[in-house]
Amino acid sequence: MVSLIEMPQTIPTPVTRDAPAPQPAAAENMIEIQDLDFAYGTNHVLHEISLSVPSRAVTAFIGPSGCGKTTLLRCLNRMNDLVDSAQIVRGSIRVQGVDINAPGLDVVDLRRRVGMVFQKSNPFPKSIYDNIAYGLRIAGITKRALIDEAVEKSLRSAALWDEVKDRLNVSGYGLSGGQQQRLCIARALAVEPEIVLMDEPCSALDPIATAKVEELIRQLKTRYTIVIVTHNMQQAGRVSDHTAFFYLGRLIEFAETRKIFSNPAQKQTEDYITGRFG
């Protein structure tokens, strides 16, 4: 069992390993990352990342600021394509066996299949209803009955329907911060993704709203594969099934969350989760 003891004065040096980082026990994997190196121009930010993300489970990415965890998350639906200098130096990312960086791949369809919820809630300047309906209309769905059904289903999935069902025409900006974040989750769910990426989804929320989002994440994992970036160790322990620890652009350790927090294989992991650095 990891114990909390006095903090040393030095920051550990990243470990260079010839063998891949330990993986969780065998499971059906939704995402396969193999030997991934990624850079912004000449700034090399990810090094030799190999990682298998299990299906219908919550995988948490943890590590100090600047360690590459958000960059990796954005690689999973090619959000980094929006940065001119971004490039995969080598390696591959496969979603259900399909190379998502293959020439000719439909990126719009990829982003439908791999939805994203950002650190700061970002509802559109539209009504609650139109926030949810937006992606459906972009996908070519025009029948009101189908949109109505999808709006209700998505808001129910995001545990928001009972709170907003009588004011669907009110602006999304009129909701509380926690409700806005759940609205953004509902918007992502409306187009029926297979994977939901969450980048620090609770960082701007109060404890009560955070608890509601965390409970929602636990419910959603029965239907979706969820990958969450968080700086909150307690949150990673509460909501995730597997945890990956990153340091200076390298994957140091990947295992079941209970093992990471109780018996990590790498000293760097132990030092981070016990607060000795980071």
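Since we're looking at a predicted model, the values are computed, not measured.

Visitor: What's the story with unusual backbone geometry in this structure? I'm lost.
Guide: One non-glycine residue, R56, lies in the positive phi region at around 50°. Topologically, R56 is positioned in the loop between β2 (43-54) and β3 (58-62). Among the residues examined, R56 registers a relative accessible area of 53% and is labelled exposed.

Visitor: Explain the sheet that holds β2 here, please?
Guide: Through backbone hydrogen bonds, the strands of a sheet pair up, either in parallel or in antiparallel fashion. Spatially, 4 strands are ordered β2-β1-β4-β5 in an open sheet, and the strand pairing comes out antiparallel. Each edge of the open sheet carries a strand with a single partner, namely β2 and β5 (98-99). Examined bridge by bridge, strand β4 (residues 86-95) and β5 share 2 bridges and lie antiparallel to one another. Note that in β5 the partner of V95 across the bridge is V98.

Visitor: Would you mind showing me how to read the packing of aromatic side chains here?
Guide: Any two aromatic rings considered together are summarised by their centre-to-centre distance and by the angle between their planes. If you walk through the whole model with that rule in mind, you get 4 aromatic pairs. Each ring, one from F61 and one from F246, has its centre 5.2 Å from the other, and the planes form 70°; the classification is edge-to-face. Of this pair, F61 sits in strand β3 while F246 sits in strand β9 (residues 242-247), and the two are 185 residues apart along the sequence. For the residue pair F61 and F246, the accessibility class agrees, reading buried in each case.

Visitor: Help me out: how do you make sense of the nonpolar core in this one?
Guide: A general tendency of soluble globular proteins is for nonpolar side chains to be buried together. Within the largest apolar cluster, 46 residues are counted, with the highest numbers of intra-cluster contacts made by L155, I185, M198, I217 and I226. When near neighbours in sequence (up to four residues on either side) are disregarded, I185 contacts V117, M198, V213, L216 and L220. Listed in part, the 31 residues of the second largest apolar core include I31, I33, M79 and V229.

Visitor: Can you walk me through the environment of A204 in this structure?
Guide: Position of A204 relative to the elements: it lies in the loop between β7 (195-199) and α7 (207-220). Each C-alpha atom, one on A204 and one on G178, is 8.6 Å from the other, the two residues being 26 residues apart in sequence.

Visitor: What should I look at first to understand the side chain of N80 in this one?
Guide: Tracing the sequence through the fold places N80 in the loop between α1 (69-75) and β4. Taking the relative accessible area as the measure of exposure, N80 reaches 3% and is therefore buried. The residues touching N80, leaving out its near neighbours within four places in the chain, are F38, Y40, T71, R74, C75 and A86.

Visitor: How should the environment of R182 be read in this particular structure?
Guide: Secondary-structure assignment places R182 in helix α6 (residues 177-190). The spacing of R182 and P201 is 19 residues in sequence and 9.5 Å in space, taken between C-alpha atoms. With residues up to four places along the chain from it excluded, the contact list for R182 reads A158, A159, L160, E163, K212, V213 and L216. Among the polar contacts made by the side chain of R182, one reaches the main-chain carbonyl oxygen of A159 at a distance of 2.6 Å.

Visitor: I keep staring at α6 and nothing clicks. Help me out?
Guide: Residues lying three or four places apart along an α-helix face the same way, a consequence of the helix completing one turn every 3.6 residues. Along its 14 residues, α6 runs 20 Å from first to last C-alpha, staying within 8% of the 20 Å computed at 1.5 Å per residue. Burial analysis of α6 places 13 of its 14 residues in the buried class, which makes it a mostly covered element. At the exit of α6 stands E192, carrying a positive phi of roughly 60°.

Reading the values: the criteria
Residues numbered from 1 in each chain as written. Predicted model: local features only at pLDDT ≥ 70, side-chain atom pairs only at ≥ 80, totals over all residues. Heavy atoms only, no water. Helix = DSSP H or I, 4+ residues; strand = E, 2+ residues; numbered from the N terminus. Buried < 20%, exposed > 50% of the residue type's maximum accessible area, 1.4 Å probe, protein only. Pairing = 2+ DSSP bridges. Phe/Tyr/Trp six-rings, centres within 6.5 Å; stacked < 30°, edge-to-face > 60°. Core = buried A, V, L, I, M, F, W, Y, C linked by side-chain atoms within 4.5 Å. Contact = heavy atoms within 4.5 Å. Polar contact = N/O pair within 3.5 Å; in protein donor to acceptor, adjacent residues only side chain to side chain. Expected span 1.5 Å × (residues − 1).

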